[in-house]
Amino acid sequence: MTATAAAPRNDHDERVRRDYRCVPLDIVRLYHDLGVCLYTKAEDQDFPRLYRSSRIAITDDDVNELRRRGHRWFYVPVSEYAALDQEVKRTLRDKLCDQSVAPEERFAVLQTAAAVELDSAFHMIKCERFVDLSRSIAKDINALFGDDAIAPRRLFDLVQHDFYTFTHATNVAGFATLLADGVGLSDSASREQIALGALLHDIGKRFIPARVLNKSGKLSDEEWGQIRMHPQRGYEDLCEGAGLSEGQLMMVYSHHERIDGQGYPVGMVGDEIHPWAKLLAVVDVFDAITGARPYRAPMKIGQALAFLERNAGAHLDPDMVQCWIALMNKT
Ligand SMILES: [Fe+2]
Ligand SMILES: [Fe+2]
């Protein structure tokens, strides 16, 4: 996928990305005391500043005020993130069932809780741990999205867009589940399968060196070759023993195919591409262009939807694109 290049990100952004993890403001609606120091960063600040020490709890009023001032995230130093992660995981089950909190806010907590574990499982030699973890997250997503009406645009506002692998996987799973509902794949079994396929779709990137994945300059032909192998490597990784359906495997194998046959790994055309892979391609591209990358700033939502529209027909399935645009414009 290629996207219009936006302004490159500066060194400060890179340092913040390296030294802090973001957690959504709304996490403190579930956890008033996370036991770690929380930092905030305004648009005009280069680095996060201490907002509240670990000993002082945060109230809903604090969160409302921060939101009014345009904040969306707390920043937690990487050195303290493990403590927060432990606390969130320990109580996750109770929090996911808390009906007093909107499901999209609970999804944001699930994403935070899954972060570190998914990230480390992704780099293990065998994929079983990542698959098991993803299976349990897919179940949670399905349960969260099952009964309550989720506001797609609000989900977009709440999820993280930093393009760590785990963030991309969980965003795409949430978005794919909503799009599945939108195109009529709304039975629970399909929704859960699609959520899992989406969580696993880039598992083949485990085999690509980080220096290639995160390279900010132009990729050599050889590096491009490595990137283009990830759907097939992922498919081979999962095809035996993971217990996935054909649709799920095709989500992994064909998510970079294009309607006009110019995609990879094999250049399938139109209806040769499994519908679940076409569905995934829309939200995969959407999350890629709205997420920050080392070499470009994220697109705003309006730009991103216009980009999808321009690419409907040749690259992406036009009906899926229209459905996603309609969902994202719903208030
Ligand atoms: Fe991919
Ligand atoms: Fe992806």
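Residues numbered from 1 in each chain as written. Chains lettered and ligands numbered in written order. Predicted model: local features only at pLDDT ≥ 70, side-chain atom pairs only at ≥ 80, totals over all residues. Heavy atoms only, no water.

An unreviewed UniProt entry lists the protein under the name Cyclic di-GMP phosphodiesterase response regulator RpfG, from Pirellulimonas nuda.

Every protein donor of the iron ion (ligand 2) is listed here as His 168 (NE2), His 201 (NE2), Asp 202 (OD) and Asp 284 (OD), and their distances to the metal cover 2.1 to 2.3 Å. Geometry at the iron ion (ligand 2) is irregular, judged from the four donor atoms that bind it and their angles of 76 to 173° at the metal. Separating the iron ion (ligand 2) from the iron ion (ligand 1) is a gap of 3.6 Å, bridged by Asp 202, which donates to each. Placement of the pair is Asp 202 in the loop between helix H10 (188-200) and helix H11 (210-213) and Asp 284 in helix H15 (residues 275-290), with a sequence separation of 82 residues. Of the two residues examined, Asp 202 and Asp 284, each falls in the buried class. (Donors = N, O, S within 2.8 Å, 3.2 Å for Na, K, Ca; no water. Tetrahedral: all angles 85-135°; square planar, octahedral: opposite > 155°, others 65-115°. Helix = DSSP H or I, 4+ residues; strand = E, 2+ residues; numbered from the N terminus. Buried < 20%, exposed > 50% of the residue type's maximum accessible area, 1.4 Å probe, protein only.)

Here we come to the coordination of the iron ion (ligand 1). The coordination sphere of the iron ion (ligand 1) contains the protein donors Asp 202 (OD), His 230 (NE2), His 255 (NE2) and His 256 (NE2), at a distance range of 2.1 to 2.3 Å. The sequence motif formed by the donor residues of the iron ion (ligand 1) is D-x27-H-x24-H-H.

What follows concerns the side chain of Arg 191. Secondary-structure assignment places Arg 191 in helix H10. The exposure class of Arg 191 is buried, given its relative accessible area of 6%. Reaching out from Arg 191, the side chain makes a polar contact with the backbone oxygen of Ser 186 at a distance of 3.5 Å. Residues in contact with Arg 191, not counting those within four places in the same chain, are Asn 142, Phe 145, Gly 146, Thr 177, Asp 181, Leu 185 and Ser 186. (Polar contact = N/O pair within 3.5 Å; in protein donor to acceptor, adjacent residues only side chain to side chain. Contact = heavy atoms within 4.5 Å.)

We now examine the packing of H10 against helix H14 (residues 246-254). H14 packs onto H10 with a crossing angle of 30° between their chain directions and a minimal axis gap of 9 Å. Taken as axis vectors, H10 and H14 run roughly parallel relative to one another. For the pair H10 and H14, the crossing hand works out as right-handed. Judged by residue contacts, Gln 193, Ile 194, Leu 196, Gly 197, Ala 198 and Leu 200 of H10 engage Gln 248, Met 251 and Val 252 from H14. A breakdown of the residues in the contact of H10 with H14 according to their chemical character gives six nonpolar, three polar and no charged. (Axes fitted to C-alpha atoms, helices over the stretch in contact; angles between N-to-C directions. Parallel < 35°, antiparallel > 145°, perpendicular 65-115°, else oblique. Left-handed = near helix turned anticlockwise from the far one by under 90°. Nonpolar A, V, L, I, M, F, W, Y, C, P; charged D, E, K, R; others polar.)

Turning our eyes to something else, we now look at H10. Taking 1.5 Å per residue as the helical rise, H10 with its 13 residues ought to reach 18 Å, and the 19 Å between its terminal C-alpha atoms agrees with that figure. Looking at H10, one finds that the buried residues are Ser 190, Arg 191, Ile 194, Ala 195, Leu 196, Gly 197, Ala 198, Leu 199 and Leu 200. (Expected span 1.5 Å × (residues − 1).)

Leaving glycine out, the prevailing phi sign among residues is negative, and the prevailing peptide bond configuration is trans. Cis geometry marks the peptide bond from Tyr 264 to Pro 265, where omega comes out at 15°. Structurally, Pro 265 is set in the loop between H14 and H15.

The next point concerns the nonpolar core. Most often, soluble globular proteins keep nonpolar side chains buried together rather than apart. Within the largest apolar cluster, 87 residues are counted, with the highest numbers of intra-cluster contacts made by Leu 238, Phe 286, Leu 308 and Trp 324. Every residue in contact with Leu 238, bar those within four places of it in the chain, is listed here: Cys 127, Val 131, Leu 200, Ile 203, Leu 244, Leu 249 and Val 252. With seven residues, the next largest nonpolar core counts Cys 37, Tyr 39, Trp 73 and Tyr 75 among its residues. (Core = buried A, V, L, I, M, F, W, Y, C linked by side-chain atoms within 4.5 Å.)

The next subject is the packing of aromatic side chains. Here the structure, examined in full by the defined rule, presents 10 aromatic pairs. Ring plane angle 50° and centroid distance 5.0 Å describe the contact between Tyr 235 and Tyr 253, whose orientation is recorded as tilted. Remark: Tyr 253 occurs in helix H14 and Tyr 235 occurs in helix H13 (residues 230-239); sequence separation between them is 18 residues. An aromatic cluster of three or more residues is present, and its members are Phe 156, Phe 175, Phe 286 and Trp 324. Its guanidinium or amino end placed over the ring of Tyr 81, Arg 21 lies 5.2 Å from that ring's centre, counting from NZ or CZ. If you follow Arg 233 out to its NZ or CZ, it ends over the ring of Phe 207, 4.0 Å from the centre. (Phe/Tyr/Trp six-rings, centres within 6.5 Å; stacked < 30°, edge-to-face > 60°. Lys NZ or Arg CZ within 6 Å of the ring centre and 35° of its normal.)

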